[in-house]
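# Descriptive analysis of the structure
Next come the chains, spelled out residue by residue.
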Amino acid sequence: MSISQIACAIDATECAIVRLKPAGSARYSLTECTTFPFGAGDLASAKGERRLKKLTMHLKKWQEEDLALSVGPETYLPLPAYFPAGASREACREYCNIEARYFLHRPEEYNCDMTAFANGCCDKLHQKQLLLFYPAAAGRRATEQFAVHHPIVFSGTPQLPLQHLSRLSAERQVILELENNYVLLTVAHNGQLERFSCHQVKNREEAEYFTIRELKENPVGRDTTVQCTGSKADKSMRALIAKATSLNLKPLELPESLPINNLNQFAPASGAAVKAISMALMALAEKEHPAVQGQ
């Protein structure tokens, strides 16, 4: 088990690689934070193999070190479900496989991230879970490529790492994601998911409609800043949403209370970098306290 943790986040239009190491007293130091001007869409193109190789060569500087990997999918298919309270990870995974066979036309073509909702116990016997299905092809391809040189300690979407990031924020974490095919709103606090809403969209007008509706119907956005990320979260879109909702919007960023000593040297300014750092923090926390991930 390596002491440092490297993480690679692949978003729709950019990638980020970070390396985080413990610095004593529950603090960390960044030793790498690099972004690349291509993303998941580019990796699926004719030049994808060459770009994936570029990431591989960059990561080989820390060959054999643990790697956490996230790939932003083209879409999410969320499914709320109730599992037995206190079920083990292995049992939850089996329950998830059963749900997938009923929910999906071709379940073998999807992966699933799982997390429990905060206050999700409807009784003493059951716990409300969110099963987040997404197309597996892009993530599997990257995982197979990187696994040649690194033990993969996490492979999934950015959702669990961002949820973990809320453990380090004093206030609720509200994140709005605007991508080509979906609008997603999450609210998390102290590492637990409080709200998850996802709408499939076909164009910018649908994205505007569902975003404004969700924010107006969700009062938590009036108590804290809404963080905005995604390939469609440009200045004009943020300005339109802010005007329509009277809410304070800002780009996705790290909490001020984050225990990283040298953020001023790297100043991660991209959403992919924030997601990569979140992943590295989650992976390190999982090593220190197993079963943190997704709980």
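Quick summary incoming for the structure in this document.

So, how was this worked out
Residues numbered from 1 in each chain as written. Predicted model: local features only at pLDDT ≥ 70, side-chain atom pairs only at ≥ 80, totals over all residues. Heavy atoms only, no water. 1 Å grid on protein atoms, 1.4 Å probe; cavity = no way out; pocket = protein on both sides within 12 Å on 5 of 7 lines; lining within 4 Å. Points joined across faces, edges and corners; volume = space filled by probe spheres on them. Helix = DSSP H or I, 4+ residues; strand = E, 2+ residues; numbered from the N terminus. Core = buried A, V, L, I, M, F, W, Y, C linked by side-chain atoms within 4.5 Å. Buried < 20%, exposed > 50% of the residue type's maximum accessible area, 1.4 Å probe, protein only. Contact = heavy atoms within 4.5 Å. Axes fitted to C-alpha atoms, helices over the stretch in contact; angles between N-to-C directions. Parallel < 35°, antiparallel > 145°, perpendicular 65-115°, else oblique. Left-handed = near helix turned anticlockwise from the far one by under 90°. Nonpolar A, V, L, I, M, F, W, Y, C, P; charged D, E, K, R; others polar.

## Brief notes about the layout of surface pockets
Gaps left between atoms show up when a probe the size of a water molecule is rolled over them. If you add up the space inside the largest pocket, you get close to 660 Å³. Together, 34 residues line the largest pocket, and A40, V71, G72, P73 and A138 are the ones closest to its centre. Every element with two or more residues in the lining of the largest pocket is listed here: α1 (40–43), β7 (126–135), α4 (137–146) and β8 (152–156). Counting residues per element, the lining of the largest pocket draws most heavily on α4, at seven residues.

## Quick look at the nonpolar core
Grouped together as the largest cluster of nonpolar side chains are 29 residues, with contacts concentrated most on V18, L20 and I277. For this core, the secondary structure elements donating two or more residues are β1 (5–10), β2 (15–22), β3 (28–36), α5 (159–165) and α9 (271–288). Here this core takes eleven residues from α9, the largest share from any one element. Beyond its immediate chain neighbours, meaning those up to four positions away, V18 contacts Q5, I6, A7, L30, E32, C33, A273, A276, I277 and A280.

## A few points about the packing of helix α6 (residues 204–217) against helix α7 (residues 235–245)
One way to put it is that α6 packs onto α7 with a least axis distance of 10 Å and a crossing angle of 40°. In terms of orientation, α6 and α7 fall into the oblique class. Here α6 runs over α7; the crossing is right-handed. Here R204, A207, E208, T211, I212, L215 and K216 of α6 lie close against α7, whose contacting residues are S236, M237, L240, I241, A244 and T245. Split by residue class, the contact of α6 with α7 holds seven nonpolar, three polar and three charged.

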